[in-house]
Amino acid sequence: MYILGIETSCDETGVAIYHSENGLVHHLLYSQIEMHSEYGGVVPELASRDHIRKLIPLVKQLLLESNLTKLNIAAIAYTAGPGLMGALLVGAATAQSLAFAWQVPVVAVHHMEGHLLAPMLEKNPPSFPFVALLISGGHTLLVKVSGVGKYELLGESLDDAVGEAFDKTAKLLGLSYPGGVKLSELAQFGQIRFRFPRPMTDRAGLDFSFSGLKTFALTTFQKSDKTYQDKADIALAFQDAVADTLAIKCRRALQQTGLKTLVVAGGVSANTQIRLTLTKMLESENGQIFFPRPEFCTDNGAMIAYAGYQRFLMKETQNLEIFARPRWAMSEL
Ligand code: KG4
Ligand code: ZN
């Protein structure tokens, strides 16, 4: 069967078709980055309006380029949360309307479950159980995963999410939105000059705190001459601190659970330095690490189509209610 996936939780309109036997058929992504960059961040109302403009044409293009018609689609999955309410409502209303018109079932997908399962789209997918590190703009979660829907929260950020810390640090260095990628590009030109703290690694537990790193970056920047090289050195120090902190906590989570497999997903998992540091850590632990390909680290429709198919198999289809939840803990799944 073919399942259509729709992602509209933030500033990316993503659509994809997943086939139950053959895997991912096709996916398309429209990014609103250019529109929001003028404002230095996502403007929720503009995001919603742009999803309205782009979503249906994107679904049409997706079907056309996949040589499929609406008659081939057997179910529709959409991101129901967490995310921006207006943006979620566009996806929810569109999914429900199409499903009503095409007479197919609808599946509401949790955005972070989408990220979590994204590595399953790769040729060499991880097998359960594993520890998952989910690092995105809104979440930093360490989860023990025993199967689809079987999640045990091991740790989370007590303040800023990793992506948020990247974006805020980038902003104070004067980099344009979206800061995470820009900061990591700048870090390539950095020299090892500063050492930032590895927050909350000196005490037991698997929770994170990243807001102090941002403040550390700010005070270091204010004391510097604010040259390009100063900025690059700060970017490198910040990125190294984040990568090391994540590696320390992931090692701890693997030891605590007795597991040998780590899955890393979410927008920040596209970061080369973080991928490298975590891969090295897993090598030293004789474990295995899995990432989605970089384009499926950040928001996309493919992960929603895949997660939706898994939930469809669990018979978790929706009634006609427009279901969207801006806040939605994974523990409720
Ligand atoms: O998963 P995602 O696309 O959206 C959310 O669900 O939040 O993650 C977006 C976050 C942003 O904070 C962005 O700056 C960050 O991921 N990000 C990166 C990189 N690519 C995206 N952060 C660091 N390095 C990157 N290469
Ligand atoms: Zn996301």
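Rules used in this analysis
- Residues numbered from 1 in each chain as written.
- Chains lettered and ligands numbered in written order.
- Predicted model: local features only at pLDDT ≥ 70, side-chain atom pairs only at ≥ 80, totals over all residues.
- Heavy atoms only, no water.
- Donors = N, O, S within 2.8 Å, 3.2 Å for Na, K, Ca; no water.
- Helix = DSSP H or I, 4+ residues; strand = E, 2+ residues; numbered from the N terminus.
- Buried < 20%, exposed > 50% of the residue type's maximum accessible area, 1.4 Å probe, protein only.
- Phe/Tyr/Trp six-rings, centres within 6.5 Å; stacked < 30°, edge-to-face > 60°.
- Pairing = 2+ DSSP bridges.
- Axes fitted to C-alpha atoms, helices over the stretch in contact; angles between N-to-C directions.
- Contact = heavy atoms within 4.5 Å.
- Domains from an automatic or database assignment.
- Buried area = accessible area lost by both parts, 1.4 Å probe.
- Salt bridge = Lys/Arg side-chain N within 4 Å of Asp/Glu carboxyl O.
- Polar contact = N/O pair within 3.5 Å; in protein donor to acceptor, adjacent residues only side chain to side chain.
- Nonpolar A, V, L, I, M, F, W, Y, C, P; charged D, E, K, R; others polar.

**Side note on the coordination of the zinc ion (ligand 2)**
Around the zinc ion (ligand 2), the protein contributes the donor atoms His 111 (NE2), His 115 (NE2) and Asp 299 (OD), at 2.0 to 2.1 Å from the metal centre. Each donor residue of the zinc ion (ligand 2) lies on one chain, and together they are spaced H-x3-H-x183-D. With His 115 in helix α4 (residues 111-117) and Asp 299 in the loop between β10 (288-290) and α10 (302-313), the pair connects residues that are 184 residues apart, well separated along the chain. Neither residue differs from the other here; His 115 and Asp 299 are each classed as buried.

**So, the packing of aromatic side chains**
Scanning the model with the defined rule gives 7 aromatic pairs in all. Taken together, a centroid distance of 5.1 Å and an interplanar angle of 85° make the contact between Phe 166 and Phe 238 edge-to-face. Of the two residues, Phe 166 sits in helix α5 (residues 162-172) while Phe 238 sits in helix α8 (residues 228-257), which places them 72 residues apart along the sequence. The class for Phe 166 is buried, based on a relative accessible area of 2%.

**As for the sheet that holds β10**
With mixed pairing, the 5 strands of this open sheet are ordered in space as β8-β7-β6-β9-β10. Edge strands, defined here as strands with exactly one partner in the open sheet, are β8 (150-156) and β10. Across the sheet, the mean angle from the axis of one strand to that of its neighbour is 25°, orientation sign disregarded. Here strand β6 (residues 130-135) pairs with strand β7 (residues 140-147) via 6 bridges, running antiparallel. Bridge pairing in β7 places Leu 133 opposite Leu 142. Sitting on the sheet, α8 touches β6, β7, β8 and β9 (261-265), and the angle it makes with β6 is about 155°.

**Digging into the domain arrangement of the chain**
Frequently, the measure chosen for interface size is the accessible area removed from exposure when the parts meet. The domain architecture assigned to the chain consists of domain 1 (2-116 + 296-332) and domain 2 (128-291). Just the C-alpha atoms count here: the centres of domain 1 and domain 2 sit 27 Å apart. Between domain 1 and domain 2 the total buried area reaches about 1500 Å² when both faces are included, carbon and sulfur atoms providing 74% of it. Three residues, Met 112, Leu 116 and Cys 297, lead the burial of domain 1 against domain 2; their summed loss comes to 39% of the area buried on that side. Counting the contacts that link domain 1 with domain 2 gives 0 salt bridges. On the surface where domain 1 and domain 2 come into contact, there are 4 residue pairs in polar contact (both at pLDDT 80 or more). Listed by contribution, the elements that provide at least two residues to the side of domain 1 that touches domain 2 are α1 (33-37), α4 and α10. In the side of domain 1 that touches domain 2, the residues fall into 8 nonpolar, 7 polar and 3 charged.

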